[in-house]
Every structure is written in C-alpha cells, then in structure tokens.
Amino acid sequence: MWIAVKPQKVETGNMQILNDLAVIPIVVNAGAALLPAILAGAASFAALLFKPKELMRACAAHPGRVVIVLAVVGVLTALVMFWPAPKAGVSSARRAVPAVDAATGSGMMNIDWTRVALARIAAGNQTPAAVQPAASVPSTGTAKAFVYRGGAERLGSMGGEIEGKLQLAWNYHPRWTDNGVETEDRDAMILASPAIHGDKIYAASCTLDPPESFGAIFCLDAATGEQVWTVDTADGEPFKGFFSSPAISADGRYLVIGQGLHPDSNCRLICIETATGKVHWTFQVPLHIESSPWIDGDMVHVGAGAIEDVKTKLPLGHPGFVFAVRLSDGKEAWRFDVNDPESSPVYHDGVLYIGSGFNGKAVVALKTPQQAGQKAEQLWKSDAPYPVTGAVTFTDEAVFAGGGNGDFVFRDPNPAGVVMALHPADGKLIWKADLPDAVLGAVAASKHLICPVANGQVMALSRSTGEKIWATAVNGSAPVLAAPAVTEKEVFAVSQNGYLARFNLETGEQTERIYINSEEKPGEQGLSISSPLVVGGRLIVGSETGGLRCYVGGGVK
C-alpha cells in the first residue's frame, strides 16, 4: 500500500516519496559537547515553528503549558551546555532509531522534539473514553486459527447480530513508551483489521514519521477495551508500521503479523506470545509484508510484496515471493516466486491461493510441500485484467478475487474493477463481473458476494452468476477500500473518509451511518481502511484518527 502524507514530493533516485515537511530531526552525538547542545535547543524551538497547525492548536488549548514546555526546553538546553556528556544516550525506542556514524563509529540519535513536547501537553488533557457497562464477550469457540476476516469466506463476522442503534462501548488509542513512560499516540492509525481469540482483541497500529513509519501490536480486553499489553520493539529495534492484519494460532498461544508499508524494505514477519506480549521470533525478508498471514497447524503462509517505482509500477528489486515458516520456531519451510503477492492468501487441502498484484495481474494456486525437503509447485495461474491485491476468498464452489487499476492512495484517471469466480481445482473462469472501480478489499462470500468498491459503493453480486443485486454508497463518492463485515442479516462497511455504515443484506438499504474518526481531529488523509469485525453482538473497527473502537447495540434506530 502506498501511503501519501500530504502533499510534497521528494525524489530519491527512481523512487518518489510523498512527504510532509513537518519533522525536523536533531542530530546529537553522544560524545559531543557544546555545539550539538546549542543546536538541540535551537532546533527544538524551530521544530515547533515549522508545525504551525499543531502549535496553534496546542496554544489555544493550553497556552500556559506551552510556555512551561518551552521554558523547560530552554532550561534543559542551558544545563546540557554545561553538563558533562553522558556515557550512553537513552531515548525512546519508538522515536529514536540508533544509527552509526561511518566516520567515527559513534552512536547517533534522531529525535523529533515536537512530538515529545506535544505528547507531554496532550498527556495532561486526556479524558476517559465513553465506556458502557461491561458485558461478557462470548468466546469464538473455534479450534481453528483466526485468520484475516475470520476465515476463508472473509465474512468479518464471528456470529451474533447487533440489535438497536450503534453505541460506543470503548475507545482505545495505541500507546508508545518513552523512557518507561507510556503515552497515548494520537497520531497512530489503525490500518489493519482486528483479530479475536476468546475474550481478547488483538490489533496493530501505524504512525507515520516520514520518511519512516512506526508500529505497535497490542492486546485488549474485549469487554472493556482495557490494555493487557503492548509491544513496539524487537531486539531493541522499533517496529515499522503495520498494514498486515494479525492472525492467531488455533490454541491462542501465538499472534503472527507482517510488517511494513509499500515503500519499506527489510521487513519482518513477527510472532508474539499472546499471554505476555513477548516476541517469540521474527523472520526478516528483503521486501515488505502487507499480506495478512494464514496459519495452518505449525505452518504460517504469507506473501512478500514488491517495491515498485511510483510512476512506472515496475519493481525496484525482487518482484516478490510467497513463503512459509514454522510457527513453533520461525524457521523457513519454503518460498516460491510470485509477482507482488500483497494479497492475503487462503489455504485449503494442501493448496495455497493468493493474488498477484502489479506486474502479475493473476490469481495463483500453489501446491504446498507436505514433507520436509519438498518444494512448492504452481498448480495453476489465472490471468486477471487488473492487479489482484485484495485477499482471496474461498468456498467449495469457487475461488473469488477482486481487482482494479488503482491502489489505496492513487486513483486511476480511468477507474475500472473486476470480480472473478474461478474453479478451485484448475483455475478456469466461471464468471467475471466488470465493476466501475477497483475492488481492493476482500470480497465477503455470504448469501451474496459483498464487495467494497472504490467508487464509494458496497455492491452485492450473485455468487453463481456475478450479476448485480444491489449497490449502495456509504458516504457519497468516498471510496470504500476496506472489506465489509457481513452477518446473517446485515452488512457493515467503512468509507475512506471515516464513516461506518450498516445495510440490510437483502435490500442494500442503508439503515445507519456514524463517524468513527475523532471529532477533535478529523481524518485528513483518507486512511480509514481498517475492516470491521462483528463478534458476539459487538463491532470492533479501527480508524485513521479515532483509534480502535468497540460499538454495541441498544439504542433506538
């Protein structure tokens, strides 16, 4: 997924990165003295000046605290000027990434003092989220692993209807740790879809700090939204932002998730012990892992997507591959080259089905090794008119896949999309439905196929023919990029600009719409792309600025 962070362009070789001239790093050599300290104080003040919107908002809310913060910075700068340099620098693992000076070999730290100052201001102005009386959340009661959207049909629903108007039960904002102090990260976005096992919710976040991103994985009590644990580093290295959604092993012991956004390289597949939040293992690849893993027994299957040139869409390195590692120890079992497999795979009876994105434009079926020493083999490959980057959906009668000529950030000037039904055994086309825009989220295989369409509609298609049954917009023409959640009676879908809507499954009539971004900080980047999850009469959904939210029924429609 390409993440655009408003709207300046920086050319780096063949790659064009959209950036935001808002972060001024201060470079401090741990062994230096006078000059770096002076630069630190001056740059801290300059950083605030170069973020006028945040400075004005902070001043308006708490003018006294801004003065105090700036005064403290000034005092600290004066102290540093005359204080002996420490033997070792201490900084937040999230915000300061260790580097090495090639000339001296000394450690260096990049710190965004604006974020530190504003975090301190915001920390004193937090109000508890509106929490309804706690209710028991039924266990998923499944012996299978929890995978993206809850299973091969990608319904995003684990049972139970939501009766009455949606009401906010709890609201969680991801946190990061600075010198042992936890602070809410109000810049953190929830791009991934949440997962559930028993009475715990698992999710991941992404904070943009151009040209980098940072992420955290967290576990919450499903009934109350209280944090059980959060983790944002492995081996002292901060996590990169998460687009991939977490999967939970059948016994509930492990969480597995991919790391990185579209421009990222050298990302890792991460396995977490769910009881403690301890990192069990990590497995590094040269690319990024936006694909959401599929766990089957002791095997984890996932795709590593290509890094393409923004203009040409041609790969800047390896074109991509699918691979599998053992859940128990993180050791690689096999890998197979597939162009840009950012799609989330589905696994059934020894066969892995996955979409091939840019420079691939296909759905691929791989026969997976059943014994040590064997290699994966391509069973079939079915061409598509457009890249297939969304999750593949599997039923006994067909493999369903959506595609289109846009992505999560860039719209094609001549938009077009497709949904295809393929024979699982040989990949032969059963039917193909042309759509007015791209289908980037997973297609849910309920009574009808429920498709998110980038023209702003949720569309229901016949499972047997692909004919349109109904099409209804969530919020005007705002793109619908996230996969919908489908119960036996209703459909829940999110628009890119932060609206959650519910529909009647039979008629497509929209019955309710609410805003899930923060009212104090509306979404500006169109990155409400987390897919909702319905379980036990509750709906869990992430947002761009509103954190992870839980809604329950009870109000009058």
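Look above for the structure.
Being a predicted model, the structure only gives us computed values, none of them experimental.

### Observations concerning the sheet that holds strand β32 (residues 429-435)
Phase 1: Read across the open sheet, the 4 strands follow the order β29-β30-β31-β32; overall the sheet is antiparallel. Two strands in the sheet have a free side with no partner beyond their single neighbour: β29 (393-394) and β32.
Phase 2: Strand direction decides the pairing type here: strand β31 (residues 417-422) and β32, joined by 6 bridges, are antiparallel. Directly across from V418, in β32, lies its bridge partner D434.

### Focus on unusual backbone geometry
Phase 1: In this structure, P211 follows P210 across a cis peptide bond, with omega equal to 5°.
Phase 2: With respect to the secondary-structure elements, P211 resides in the loop between β11 (207-209) and β12 (212-214).
Phase 3: For N266, which is not glycine, the phi torsion reads 50° and is therefore positive.
Phase 4: Relative to the helices and strands, N266 is located in the loop between β18 (254-258) and β19 (268-273).
Phase 5: Within the chain, N359 stands out as a residue other than glycine whose phi angle is a positive 70°.
Phase 6: Classification of N359 by relative accessible area gives partly exposed; the value is 36%.

### Things to note about empty space enclosed by the protein
Phase 1: This structure, assessed with the given rule, holds 3 cavities of 30 Å³ or more.
Phase 2: By volume, the largest cavity is sized at about 320 Å³.
Phase 3: The wall of the largest cavity is formed by 30 residues, among which F243, E290, T389, F408 and L440 lie closest to the centre.
Phase 4: Class assignment of the residues belonging to the lining of the largest cavity gives a composition of 15 nonpolar, 12 polar and 3 charged.

Thresholds applied
- Residues numbered from 1 in each chain as written.
- Predicted model: local features only at pLDDT ≥ 70, side-chain atom pairs only at ≥ 80, totals over all residues.
- Heavy atoms only, no water.
- Pairing = 2+ DSSP bridges.
- Helix = DSSP H or I, 4+ residues; strand = E, 2+ residues; numbered from the N terminus.
- Buried < 20%, exposed > 50% of the residue type's maximum accessible area, 1.4 Å probe, protein only.
- 1 Å grid on protein atoms, 1.4 Å probe; cavity = no way out; pocket = protein on both sides within 12 Å on 5 of 7 lines; lining within 4 Å.
- Points joined across faces, edges and corners; volume = space filled by probe spheres on them.
- Nonpolar A, V, L, I, M, F, W, Y, C, P; charged D, E, K, R; others polar.

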